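So the chains spell out like this:
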Amino acid sequence: MLSVQDALDQLLSHATPITQADSVGTLAAAGRVLAESIYAGIDVPPADNAAMDGYALRSQEYCPGTPLPVGQRVAAGALAMPLAPGSAARIFTGAPLPHGADTVVMQEHCRVGPDGVAFLRRPTPGEHVRRRGEDIRAGSVLLAAGTRLRPQELAYAAAAGLAQLRVVRRPRVAMLFTGAELATPGGPLAPGQIYNANRYALGALLHALGCETSDFGIVPDRLDATRATLREAAAGHDLVISSGGVSVGEEDHVKAAVSAEGALEVWKVAMKPGKPLAFGALRRAGGGSAHFIGLPGNPVASFVAFVQFARPFILRMQGVAQAQQQPLAMRAGFACAHPDARTEFLRVRVGAGGLLEPAGAQGSALLHSLVQADGLAIRAPGRAIAHGDLVPYLPFSELLA
Ligand SMILES: Nc1nc2c(c(=O)[nH]1)N[C@H]1C(S)=C(S)[C@@H](COP(=O)(O)OP(=O)(O)OC[C@H]3O[C@@H](n4cnc5c(N)ncnc54)[C@H](O)[C@@H]3O)O[C@H]1N2
Ligand code: MOO
C-alpha cells in the first residue's frame, strides 16, 4: 500500500501546468490563479496622509496650553498647501498631510477656541500619519504567479490600480460515473438502484475550484461505449475524473477502457476511507493526453479522495505551489483507542470549547457523517488518539474558498 503522502507526491509530479491564460477584469478574477507575477506601478498610499480626523502640526511647535491658529482645512481627495510656520491644519482621515506637518492629533485630544486649536497631550512625531508607500512600494512584486486570488488579493491589486489580471485558463474537467445501480435524481428509482450522489459533491467541489465541467453522466455498461466516452472526454478536457469501479470487482469497464485508451495505475492508498485510487492518462487523437483520476464509488471515500488528491492536483495544474490543504492543530474531544495501519480521515465537528467530536457513524457509505461534520481529523497510521490530544484538522470551509 502507498502512504497518503507518497500517493499525493506521485500524483502532483504528473500535474502538467496549464499554459494558456485569460485577461479578466479584477472583479471577475476571484478564485482564479495568477498566470504571471504582478508589479506595483505606484506607491500606496501615494502620499503621507492622516489616519485620524483631527489637526496636523509640526510636533516641535507644540506648546502646552497654547493654541495654534488653524490655517487650512484639508479633506480626503483635496490638495494641501504647505503648513505655514506656527499654524495647524484641520485634517480628515485619508487627507494628504500638508508639507511641513509631521503629526496628527485626533480631535478628541484637541480643544478649539477663538485663538485656534490647543492640544491636550504632547504629540509624538509620526503619530497618526500613514506614510507614502507603507502598504505597497512602487516597483515591488505585488503578487507572485501562482497566487490564488481571494477577495483580499483582488483589493490589493485594485489598490495598486490594476483593472485587468492575467489568470490561468480555467481547468476543463470531465466527470463520469460508473455503476449499473445508479439513477439520476429527478427520475424514478427502479428496484436495486440508488441515486447518483457523487455527481453533486464532485460538481460543486469542481465549481468551487473554478473549473469548467462537463458531465458525461453514467457510463454505458459496454467496453466499446466506455472507450468512446473516454475519447470524447479526453479530447476537450485537461482532466477526466470518474467515480466508482476502481476496487477489485470486475463489474465496470472503466479500468479496462482507460488502459486501452492510454495508461492506468490502480493504487491501494493506506487511508480510510478512500483506499482504492486510479490514476492515468488518456491519449488524444491529435497528440497529447488528458489526465485521468478514478475516485472510489463509496460517497465518503469519493469525497475524501477528491479533497486529498484531486483538489491539490487541480490547484497544481493551475500553478499553485502550496496545493495541499494545510491542517490546523485542534484538540480531540474523543478517543480512538484501536487504530489500524491506515491514515484515517475522521469526520468531526467542532464542539463545545473548541474540541473536535465525531460527526456520526464513520462508514464510508454514510453521507450523514459528512453532512454533520465541519471537517476531517487525521489519525496517523497505527497511532491512537487520546482525549485532549492535538490532532491535525482540515476544515471544510476551505473547500469552498
Ligand atoms: N473485495 C474488496 N472489496 C472492496 C474493497 C477491497 O479492497 N476488496 N475495497 C472497498 C472500498 S475501501 C471501497 S471505497 C469500494 C470502492 O469501490 P469502487 O470504487 O469499485 O466503487 P463501486 O464498487 O462502484 O461502488 C462502491 C459503493 O459506492 C456506491 N456508489 C458508486 N457510485 C456512486 C455514486 N455515484 N453515488 C452514490 N453511490 C455510489 C456503490 O453503489 C457501492 O455501494 O470498494 C470496497 N470493496
Ligand atoms: O475507501 Mo473505502 O471507502 O476505505 O471504505
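Residues numbered from 1 in each chain as written. Chains lettered and ligands numbered in written order. Predicted model: local features only at pLDDT ≥ 70, side-chain atom pairs only at ≥ 80, totals over all residues. Heavy atoms only, no water.

The condition is simple: UniProt positions are given in the numbering used here, feature names are shortened, and annotations may be inferred rather than shown by experiment.
Within an unreviewed UniProt entry, the label attached to the protein reads Molybdopterin molybdenumtransferase, and the organism entered is Massilia hydrophila. Of the comments in the UniProt record for the protein, the one headed Function (unreviewed entry) reads "Catalyzes the insertion of molybdate into adenylated molybdopterin with the concomitant release of AMP." Per its UniProt entry, the protein bears the Pathway (unreviewed entry) comment "Cofactor biosynthesis; molybdopterin biosynthesis."

1. Side note on the packing of aromatic side chains
Let me state the cut-off plainly: Think of it this way: a Phe, Tyr or Trp ring, Trp meaning its six-membered ring, pairs with another when their centres are within 6.5 Å, and the plane angle makes it stacked under 30 degrees, edge-to-face over 60, tilted otherwise. By the criteria applied, helices consist of DSSP H or I runs no shorter than four residues and strands consist of E runs no shorter than two, each listed in order from the N terminus. Residue exposure (1.4 Å probe, protein chains only): buried if accessible area is under 20% of the type maximum, exposed if over 50%, otherwise partly exposed.
This model, assessed by the stated rule, comprises three aromatic pairs. With a centroid separation of 5.5 Å and an interplanar angle of 75°, the aromatic rings of F303 and F396 are classed as edge-to-face. Of this pair, F303 sits in helix α6 (residues 299-317) while F396 sits in the segment after β26 (390-395); the two residues are 93 residues apart in sequence, bridging distant segments of the chain. With respect to class, F303 is no different from F396; both count as buried.

2. Some points on the pattern of salt bridges
Just so we agree on the cut-off: Only one rule defines a salt bridge in this text: a Lys or Arg side-chain nitrogen within 4 Å of an Asp or Glu carboxyl oxygen.
On inspection of all chains with the given rule, the structure shows 16 salt bridges. Here E212 makes a salt bridge to R172, at a shortest N to O gap of 3.7 Å. Residue E212 is located in strand β16 (residues 212-218), and its partner R172 is located in strand β13 (residues 172-177); the two are separated by 40 residues in the primary sequence. The exposure class assigned to E212 is partly exposed, which follows from its relative accessible area of 42%. The class for R172 is partly exposed, based on a relative accessible area of 32%. The salt bridge involving E344 is made with R379; its shortest N-O contact spans 3.2 Å. With E344 in strand β23 (residues 343-350) and R379 in strand β25 (residues 375-379), this pair connects stretches of sequence that are 35 residues apart. In this structure E344 comes out as buried when scored by relative accessible area, which is 12%. Accessibility expressed as a relative area gives 0% for R379, which makes it buried.

3. Examining the site of ligand 2
The criterion, for reference: Residues are labelled near a given molecule or strand when at least one of their non-hydrogen atoms is within 4 Å of it. Polar contacts, as used here, are pairs of N or O atoms within 3.5 Å; protein pairs need one atom able to donate a hydrogen and one able to accept it. Residues neighboring in sequence count only if both atoms are side-chain atoms.
Around ligand 2, the neighbouring residues are P273, G274, K275, P276, N298, A301, R342 and S364. Between ligand 2 and the protein, one listed contact pairs an oxygen atom with a backbone N or O atom of G274 at 2.4 Å. K275 is positioned with one of its backbone polar atoms (N or O) 2.9 Å from an oxygen atom of ligand 2.

4. Quick notes on the site of ligand 1
Counted only if it meets this: Values of accessible area rely on a 1.4 Å probe in the Shrake-Rupley scheme; residue burial ignores everything except the protein chains shown. A 1.4 Å probe that fits but cannot get out identifies a cavity on a 1 Å grid over protein atoms alone, an open set with protein on both sides within 12 Å along at least five of seven lines counts as a pocket, and a residue lines either if it has an atom within 4 Å of a point. By definition, a pocket or cavity contains a molecule when more than half of the molecule's atoms lie within 2 Å of the pocket's grid points. Note that Gly is not counted as nonpolar here; it falls among the polar residues with everything else outside the nonpolar set of Ala, Val, Leu, Ile, Met, Phe, Trp, Tyr, Cys and Pro and the charged set of Asp, Glu, Lys and Arg.
Taken together, 21 residues surround ligand 1, and among them E181, N196, S247, K275 and G297 come closest. Compared with its free state, where it exposes 870 Å², ligand 1 has 69% of that area covered by protein. A molecule is said to occupy a pocket when more than half its atoms come within 2 Å of that pocket's grid points, and by this definition ligand 1 occupies the largest pocket. Broken down by secondary-structure element, the contributors of at least two residues to the shell around ligand 1 are β15 (194-195) and α6. Partitioning the shell around ligand 1 into residue classes produces 10 nonpolar, eight polar and three charged.

5. Comments concerning the UniProt feature "domain: MoaB/Mog" (unreviewed entry) in the protein
On the UniProt side, "domain: MoaB/Mog" (unreviewed entry) is annotated at positions that read residues 174-316 here. For residues 174-316, the helix share is 36%, the strand share is 31%, and the end-to-end C-alpha distance is 17 Å.

6. A word on the state of the cysteines
This is how the line gets drawn: Any pair of cysteine sulfurs within 2.5 Å is marked as a disulfide.
Summed over the entire model, instances satisfying the criterion amount to zero disulfides. Summary of cysteine pairing: C63 is not part of a disulfide, and the nearest cysteine sulfur, belonging to C110, is at 15 Å.

7. Notes on helix α5 (residues 254-261)
We count it as follows: Working note: the arc is built from the helix axis to C-beta atom directions.
Burial in α5 covers these residues: V254, A257, V258 and E261. Along the axis of α5, the buried positions cluster into a sector of 100°, meaning they face one direction only.

8. What to know about the sheet that holds strand β4 (residues 54-57)
Using the following cut-off: Should DSSP find at least two bridges between two strands, the strands are regarded as paired. Fitting a line to C-alpha atoms yields each axis, with helices limited to the stretch in contact; the angle taken between N-to-C directions then spans 0 to 180 degrees.
Strands sit in the order β5-β6-β4-β7 across an open sheet of four strands; the sheet is mixed. Of all the strands in the sheet, the pair left with one neighbour each is β5 (70-74) and β7 (103-106). If you compare each strand with its neighbour and ignore which way they point, the axes differ by 30° on average. Sheet topology note: the β5/strand β6 (residues 88-91) ladder contains four bridges and is parallel.

9. Overview of the sheet that holds strand β17 (residues 239-243)
Counted only if it meets this: Contacts are residue-level and defined by heavy atoms, with any inter-residue pair within 4.5 Å sufficient.
With mixed pairing, the six strands of this open sheet are ordered in space as β16-β13-β17-β21-β20-β18. Among the strands making up the open sheet, the edge pair consists of β16 and β18 (262-268). The average angle at which neighbouring strand axes cross in this sheet is 15°, direction not considered. Pairing of β13 with β16, which is carried by five bridges, proceeds in the parallel orientation. Its bridge partner being in β16, F177 is matched across the sheet by I218. Contacts between α5 and the sheet are confined to β13, β17, β18, β20 (276-283) and β21 (289-295), with β18 contributing the most and set at about 135° to the helix. Contacting β17, β20 and β21, α6 crosses the sheet at an angle of about 160° to β21.

10. Quick notes on the pairing of β26
Where strand β22 (residues 328-331) and β26 come together, four bridges link them in antiparallel fashion. By the bridge assignment, L328 is partnered in β26 with Y393. Sheet topology note: the β25/β26 ladder contains three bridges and is antiparallel. For L376, the partnering residue across the bridge sits in β26 and is L394.

11. A word on the pairing of β20
The element β20 is extensively covered by neighbouring structure, given that six of its eight residues are classed as buried. Bridge analysis of β18 against β20 gives seven bridges, and the strand direction is antiparallel. Considered in β20, the bridge of L264 is made with G280. Summarising the sheet, β20 and β21 pair through six bridges and their orientation is antiparallel. In the strand pairing of β21, A281 is matched with H291.

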